[in-house]
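Working through the structure, step by step
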Amino acid sequence: MSFEEWKEVRLGDIAHVQTGPFGSQLHQRDYKECGTPIITVEHLGDNRIIHANTPFVSDEDKERLKKYILHQGDIVFSRVGSVDRRALVRKREEGWLFSGRCLRVRVTDPEIDSEYLSYYFGLESFKEYVRRIAVGATMPSLNTKILSNIKVRIPDFVTQKNIVKMLSPFDEKIELNNQINKNLEEMAQAIFKSWFVDFEPFQNGEFVESELGLIPKRWEVKQIGDVCTVVGGGTPKTKVAEYWEGGDILWATPSDMTSKDSPVIYDTSRKITREGLSNSAAKLVPSGSVIMTSRATIGYSAITMKELCTNQGFINVVCDENISSYYMLFYLKYSKDKIKGLANGSTFLEISRKVFKEIGIVVPPKHILEKFNEIVEPIIQSIYQSEIEIQKLTELRDTLLPKLMSGEIRVPLENEGRHQDEQLQRV
């Protein structure tokens, strides 16, 4: 089927678009420690659902909200904010729920492959179009009508399947790397907890009482602000082109953190210029610093693998010889709930730098921190190298994607591909 023969159809004619439950149907108090996971915007990764930090609802609430149950093949969009984010629901998320900040696209036409459609939604031209038609100056948002009226180009079913077959190996390898990284991070977190929460290697020594409970003798309790430098971020004026165009300074926003939930950060979706840095509250933090989201979505933290700056939705921690960056990273991850509990605000929750700097932290002796670094640094470096590979795979996939979707690269039918393989073998 030639590209000229591809049909242009209205999304609402091939799929049903559903908004998540309104606030009156699902409250913060309804969330439980276990049960059925419910995903929201921060769980929408690169066409995959992020499993970390999902809230749960009870079986009773799941039955009450069964209209919002997800099935394999559904596609979930962000309804507010980063409206171009979407993720395909796979078998692992069958039976989960989605929140009111999301929209669910469920294919109703048997001649449409939902995985193909999810790749189509990943086209940069499509994402740019969605951002353009979203409503709201302060907070862009989508609704069922806007999304249903979007036009998409669809080839025949066999071509859809073949496009998926060409693209899915990239995603499978990306998913494998993500799973390895998750296991490595859990390993490092387990070491941190064993050493610095349960004090397992130090049980034979003496313990003393501190404001944070019993700690090994000769360990100290200090405030975070006493053992490192804490700085904030800022945003250059968005209407000044010189602050943005051609910029090469990494500038992180919370979505750079929540879209991956990785313990390392080495790239950002947006960059600023040297002029933008000089004319804003943004400050460069060196490689090896720890950055943490501090408002709305609080407590996502990562170690910087490159020099960067952030917007005002972060607290940035620059460590020196007093404390290990790796120790600080896993301390913040372990203390996420405690830190969120210190936040306040009427419009959105936020933890201030002042409150953050006053948080107590156990400071082990230097030789113990050095030993911890020796164990954990190779783990973090392995995650970093795996992330680099993920980035390259993503770039390759995203280079191939528009060429397949525009007909520039013709997808051979299965029989044609088999015939070509036989010819190559004869040669």
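Let me begin by describing the structure that accompanies this report. For every chain, the first residue of the written sequence is number 1, and numbering continues from 1 along that sequence. Residues qualify for local features only when their pLDDT is at least 70, as the model is predicted, and side-chain atom pairs are given and counted only at 80 or more; totals for whole chains, interfaces and linings, by contrast, use all residues. The basis for the side-chain values is all heavy atoms of the structure; hydrogens and waters are excluded.

1. Here's the deal with the packing of helix α6 (residues 157–196) against helix α13 (residues 366–406)
Packing of α6 against α13 leaves a shortest axis separation of 9 Å and a crossing angle of 165 degrees. With respect to each other, α6 and α13 are oriented roughly antiparallel. Where α6 crosses over α13, the handedness of that crossing is left-handed. The residue inventory of the contact of α6 with α13, partitioned by class, reads 25 nonpolar, six polar and seven charged. Comment: axis = line fitted to C-alpha atoms, over the contacting stretch for helices; angle = value between 0 and 180 degrees taken between N-to-C directions. Working definition: helices are DSSP H or I runs of at least four residues, strands are E runs of at least two. Numbering for both runs from the N terminus. For this classification, under 35 degrees means roughly parallel, over 145 means roughly antiparallel, 65 to 115 means roughly perpendicular, and everything else is oblique. Handedness of a crossing is defined here by the sense of rotation of the near helix relative to the far one, left-handed for an anticlockwise turn of less than a right angle and right-handed for a clockwise turn. Classification convention: Asp, Glu, Lys, Arg as charged; Ala, Val, Leu, Ile, Met, Phe, Trp, Tyr, Cys, Pro as nonpolar; all other residues, Gly among them, as polar.

2. A closer look at the packing of aromatic side chains
Here is the rule: rings of Phe, Tyr and Trp (six-membered ring for Trp) pair when centre to centre is within 6.5 Å. Planes less than 30 degrees apart are stacked, more than 60 are edge-to-face, and the remainder are tilted. Applying the stated rule across the entire model yields 20 aromatic pairs. Centre to centre, the rings of Y120 and F126 are 5.8 Å apart; their planes meet at 65 degrees, and the pair counts as edge-to-face. Taken as a pair, Y120 and F126 share a single burial class, namely buried. Ring centres 6.0 Å apart and planes at 55 degrees place the aromatic pair W195 and F372 in the tilted group. Separated by 177 residues along the polypeptide, W195 in helix α6 and F372 in helix α13 bring together distant segments of the chain. Each residue gets one of three labels from its accessible area relative to the maximum for its type: buried under 20%, exposed over 50%, partly exposed in between, using a 1.4 Å probe on protein chains only. F372 sits in the buried class, given a relative accessible area of 0%. Feature note: the residues F192, W195, F196, F199, F202, F207, W219, Y327, Y334 and F372 constitute an aromatic cluster, connected by ring pairs. Lysine NZ or arginine CZ positioned within 6 Å of the ring centre and within 35 degrees of the ring normal marks a charge as sitting over the ring. Directly above the ring of Y300 sits K336, whose terminal nitrogen or CZ lies 3.9 Å from the centroid.

3. Here's the deal with unusual backbone geometry
Residues other than glycine seldom take positive phi values, yet N47 does so here, at roughly 65 degrees. Positionally, N47 belongs in the loop between β3 (36–39) and β4 (56–57). Owing to a relative accessible area of 1%, N47 belongs among the buried residues under this scheme. Positive phi outside glycine occurs at N53, with the angle close to 60 degrees. With respect to the secondary-structure elements, N53 resides in the loop between β3 and β4.

4. Points about the sheet that holds strand β16 (residues 270–272)
Pairing between strands requires that DSSP locate at least two bridges from one strand to the other. Pairing is mixed across the open sheet formed by three strands, whose spatial order is β16-β14-β19. Of all strands in the sheet, those bounded by a partner on one side alone are β16 and β19 (309–310).

5. Observations regarding the nonpolar core
Formed by 49 residues in total, the largest nonpolar core has its most connected members in M328, F356 and F372. Excluding anything up to four places from it in sequence, F356 contacts I224, V230, M292, I315, V317, L332 and I351. As used here, the term nonpolar core means buried Ala, Val, Leu, Ile, Met, Phe, Trp, Tyr and Cys residues forming a set that is joined through side-chain atoms within 4.5 Å. Ranked by size, the runner-up nonpolar core spans 40 residues in total, among them V83, Y116, I146 and V164. The contact definition used throughout considers only heavy atoms, calling two residues in contact when any of these lie within 4.5 Å.

6. Some remarks on the pairing of strand β5 (residues 75–78)
Here β5 shows two buried faces, one formed by I75 and F77 and the other by V76 and S78. Judged from the four bridges that link them, β5 and strand β8 (residues 102–107) form a sheet pairing that is antiparallel. Residue S78 lies in a different strand from β8, and its bridge partner there is C102.

7. Topic: the pattern of salt bridges
Salt bridge criterion: a side-chain nitrogen from Lys or Arg within 4 Å of a carboxyl oxygen from Asp or Glu. Enumeration according to the criterion identifies 23 salt bridges in this entry. Here K161 makes a salt bridge to D113, at a shortest N to O gap of 2.8 Å. In this pair, K161 is assigned in helix α6 and D113 in the loop between β8 and α3 (114–120), connecting sequence segments 48 residues apart. Assessed through its relative accessible area of 40%, K161 is described here as partly exposed.

8. A few points about the side chain of D256
Tracing the backbone through its elements, the reader meets D256 in helix α8 (residues 254–258). In this structure the side chain of D256 is engaged in a polar contact, spanning 3.0 Å, whose partner is the backbone nitrogen of S269. Those residues in contact with D256 that lie beyond four places of it in its chain are W251, I265, T268 and S269. Polar contacts here mean pairs of N or O atoms no more than 3.5 Å apart (in protein, one a potential hydrogen donor and the other a potential acceptor; neighbouring residues in sequence count only if both atoms are side-chain atoms).

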